[in-house]
Amino acid sequence: CFDDFLECFSSRRRKVVKKERRKIIDQGIDIKWIQGADLTPELMAVFYQFYQRTYAKRSGHLGYLNAAFFQALIRLMPQKLLLMLALKEQQVIAATLSFVEGDALYGRYWGANAEYDCLHFELCYYQGIEYCIQHQLTCFHSGAQGEHKIARGFEPVFTWSAHDIIHPDFKSAIAEYLMEERQHIIRYHQQCQDLLPFKNSSGASE
């Protein structure tokens, strides 16, 4: 269970997580998981509004994906979708959409109708971890970037992409840049490892 997961944390970080989760209860917020046949076009339309709000706030546009895309997901792959709703006084105030494939959870699009203390952490991270534990999934990809994820138990991992640069001068210049960038990424990865909340190898708590 989630408490077992927290036992791997240092005592200081464990207290922080528990305090963050307690704030959700104190604000009267409930979380509901929706999957499969329970996913309706109406619920997806509600989620899409939150999705647009997030992009409007951060980027000044309404997102890269349109409403038709999200509605198509319900028709084509409902069993691979996980919609998590946050409710306050029986009204949906926030939502996340993630994808389930094999033994992994891939997250997540997210949005809320207002700012709520620690709701982003709860809905985007802690609920996903709980879902993985309950469904015996071994991996939770919580999305790129965000050092705040590391303190909540997400280990930094290397990832790759493959590109063919046709122009020879560009190819040479990019290859030279990547030689330096790889060393930077290796150092950054180690710095992130040092921020993990887990107990040290001796089992002592901070």
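Structural data are supplied above this passage.
Residues numbered from 1 in each chain as written. Predicted model: local features only at pLDDT ≥ 70, side-chain atom pairs only at ≥ 80, totals over all residues. Heavy atoms only, no water.

Caption draft 1: Fine view of the nonpolar core. Formed by 28 residues in total, the largest nonpolar core has its most connected members in Ala86, Ala94, Leu105, Trp110, Leu119, Leu123 and Tyr131. Every element with two or more residues in this core is listed here: helix H1 (2–6), helix H2 (11–26), strand S2 (81–88), strand S3 (91–101), strand S4 (104–112) and helix H5 (119–134). Filtering out sequence-adjacent residues up to four positions away, leucine 123 remains in contact with Ile31, Met84, Leu85, Ala86, Ala94, Ala95, Thr96 and Trp110. Ranked by size, the runner-up nonpolar core spans 17 residues in total, among them Tyr55, Leu87, Ala95 and Leu97. (Core = buried A, V, L, I, M, F, W, Y, C linked by side-chain atoms within 4.5 Å. Buried < 20%, exposed > 50% of the residue type's maximum accessible area, 1.4 Å probe, protein only. Helix = DSSP H or I, 4+ residues; strand = E, 2+ residues; numbered from the N terminus. Contact = heavy atoms within 4.5 Å.)

Caption draft 2: Inspection of the packing of aromatic side chains at higher detail. The full count for this structure, using the stated rule, is 18 aromatic pairs. Between the aromatic rings of phenylalanine 47 and phenylalanine 70, the centroid separation amounts to 5.4 Å while the plane-to-plane angle is 70 degrees, which identifies the pairing as edge-to-face. Here phenylalanine 70 lies in helix H4 (residues 67–76) and phenylalanine 47 lies in helix H3 (residues 41–59), a separation of 23 residues in the sequence. Given a relative accessible area of 0%, phenylalanine 47 falls into the buried group. The exposure class assigned to phenylalanine 70 is buried, which follows from its relative accessible area of 0%. Each residue in the set Phe47, Tyr48, Tyr51, Tyr55, Tyr64, Phe69, Phe70 and Tyr109 is aromatic and connected to the rest through ring pairs, giving one cluster. Positioned over the ring face of phenylalanine 2 is arginine 21, at 4.3 Å from the centre of the ring. For arginine 152, the ring lying beneath its charged end belongs to phenylalanine 121, and the centroid distance is 3.6 Å. (Phe/Tyr/Trp six-rings, centres within 6.5 Å; stacked < 30°, edge-to-face > 60°. Lys NZ or Arg CZ within 6 Å of the ring centre and 35° of its normal.)

Caption draft 3: Representation of the pairing of S4 within the structure. Of all the 9 residues making up S4, 7 are buried; the element is thus mostly covered by neighbouring parts of the structure. As paired strands, S4 and strand S5 (residues 139–141) are joined by 3 bridges and run parallel to one another. Considered in S5, the bridge of leucine 105 is made with phenylalanine 140. Remark: the S4/H5/S5 crossover connection has right-handed handedness. (Pairing = 2+ DSSP bridges. Right-handed = clockwise from strand over helix to strand, strands pointing away.)

Caption draft 4: Seen up close, H5. Where H5 bends most, at tyrosine 126, the angle is about 30 degrees. Among the 16 residues that make up H5, 13 are buried, leaving the element largely enclosed by the rest of the structure. Within two residues after H5, glutamine 136 carries a phi angle of roughly 55 degrees, on the positive side. (Bend = angle between axes of the 7 residues up to and from the residue.)

Caption draft 5: Local environment of the side chain of arginine 13. Within the secondary structure, arginine 13 is located in helix H2. One buried charged residue, arginine 13, forms no salt bridge at all, with the nearest opposite charge on glutamate 20 at 5.1 Å. In this structure the side chain of arginine 13 is engaged in a polar contact, spanning 3.3 Å, whose partner is the backbone oxygen of alanine 151. Discounting chain neighbours no more than four positions away, the residues touching arginine 13 are Ala151, Arg152 and Pro197. (Lys, Arg positive; Asp, Glu negative; His and termini not counted. Salt bridge = Lys/Arg side-chain N within 4 Å of Asp/Glu carboxyl O. Polar contact = N/O pair within 3.5 Å; in protein donor to acceptor, adjacent residues only side chain to side chain.)

Caption draft 6: Representation of the packing of H2 against H5 within the structure. Packing of H2 against H5 leaves a shortest axis separation of 10 Å and a crossing angle of 110 degrees. Considering their axes alone, H2 and H5 lie roughly perpendicular with respect to each other. Of the residues in H5, those in contact with Val17, Glu20, Arg21 and Ile24 of H2 are Leu119, Phe121, Glu122, Tyr126, Gln127 and Glu130. Residue composition of the contact of H2 with H5, by class: 5 nonpolar, 1 polar and 4 charged. (Axes fitted to C-alpha atoms, helices over the stretch in contact; angles between N-to-C directions. Parallel < 35°, antiparallel > 145°, perpendicular 65-115°, else oblique. Nonpolar A, V, L, I, M, F, W, Y, C, P; charged D, E, K, R; others polar.)

Caption draft 7: Structural context of the environment of phenylalanine 5. Within the fold, phenylalanine 5 resides in helix H1. C-alpha separation for the pair phenylalanine 5 and methionine 179, spaced 174 residues apart in sequence, amounts to 38 Å. Not counting the four nearest positions on each side in its chain, phenylalanine 5 is found in contact with Ile129, Ile133, Arg152, Gly153 and Phe198.

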